[in-house]
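# Remarks on the overall topology
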Amino acid sequence: MISFSKYTDGLAPVIIQDAATQQVLMLGFMNEEALEKTKQEGKVTFFSRSKQRLWTKGETSSNFLLVKEILPDCDNDTLLIKADPQGPTCHTGTTSCFGTANDTFSLQQLEKVIRDRKNNPSEKSYTASLFAKGINKIAQKVGEEAVEVVIEAKDDNPGLFLGEAADLLFHYLVLLQAKGFELKDVLGVLEARHQQ
């Protein structure tokens, strides 16, 4: 897959990318042993140049990088690993080692908040109140929001249309969580259809 012999120290650069958001998270180095351990265990393992040993990202923090895909570049001398981060990637506590704040908003971040409201309900949480009402009420709310999007689409008010579109997307994500799914499951279906 990759030619470690191109490097005098046997260490090839590895770029880690968030599989869901495509955000670049960090750069590390692997030797053959680190790559094999990464493949076997499904957790990104580097060769630490400072520690002079194999180092699994998250071994002390539990912020593991779960492997989704490993891709060599066109010259077979650099790897791209798409991973599912189990917490902040950078030792500073940010999502990325390239200066992106940990609170960057994304659909994946919103899904995490919705999942947390489902698993740790609070009386003050609107989202938790939706889960408490059950699947029928959640599905009904998605239907209501879809109708409101259609109504606003016929008018010429971008603010109202986008507001209703946001409401629909939010309630749709709640419905997915209530059914035990996430947006990535829907994207998987779309990807399979795209390849047909």
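Residues numbered from 1 in each chain as written. Predicted model: local features only at pLDDT ≥ 70, side-chain atom pairs only at ≥ 80, totals over all residues. Heavy atoms only, no water.

## Details of the UniProt feature "domain: Phosphoribosyl-AMP cyclohydrolase" (unreviewed entry) in the protein
How we decide: UniProt positions are given in the numbering used here, feature names are shortened, and annotations may be inferred rather than shown by experiment. Here a helix means four or more residues in a row that DSSP labels H or I, a strand means two or more in a row labelled E, and each is numbered from the N terminus.
Within the UniProt annotation, "domain: Phosphoribosyl-AMP cyclohydrolase" (unreviewed entry) is assigned to residues 26-98. Span residues 26-98 is 14% helix and 38% strand, its end C-alpha atoms 7 Å apart.

## Observations concerning the environment of R53
We count it as follows: Burial status follows relative accessibility: with a 1.4 Å probe on protein chains alone, a residue under 20% of its type maximum counts as buried, one over 50% as exposed, and anything between as partly exposed. Contact definition: two residues touch when any of their heavy atoms are within 4.5 Å.
On the secondary structure map, R53 appears in strand β4 (residues 53-56). Under the relative-accessibility criterion, R53 is labelled partly exposed at 35%. R53 sits 35 residues away from D18 along the chain, and the two C-alpha atoms are 25 Å apart. Here R53 is in contact with F46, F47, S48 and E59, once residues within four sequence places are set aside.

## As for unusual backbone geometry
For Q22, which is not a glycine, the phi torsion comes out positive at approximately 70°. In this fold, Q22 is placed in the loop between β1 (12-18) and β2 (24-30). The backbone of S62 sits at a positive phi, close to 70°, despite the residue not being glycine. Locating S62 in the fold gives a position in the loop between β4 and β5 (65-72).

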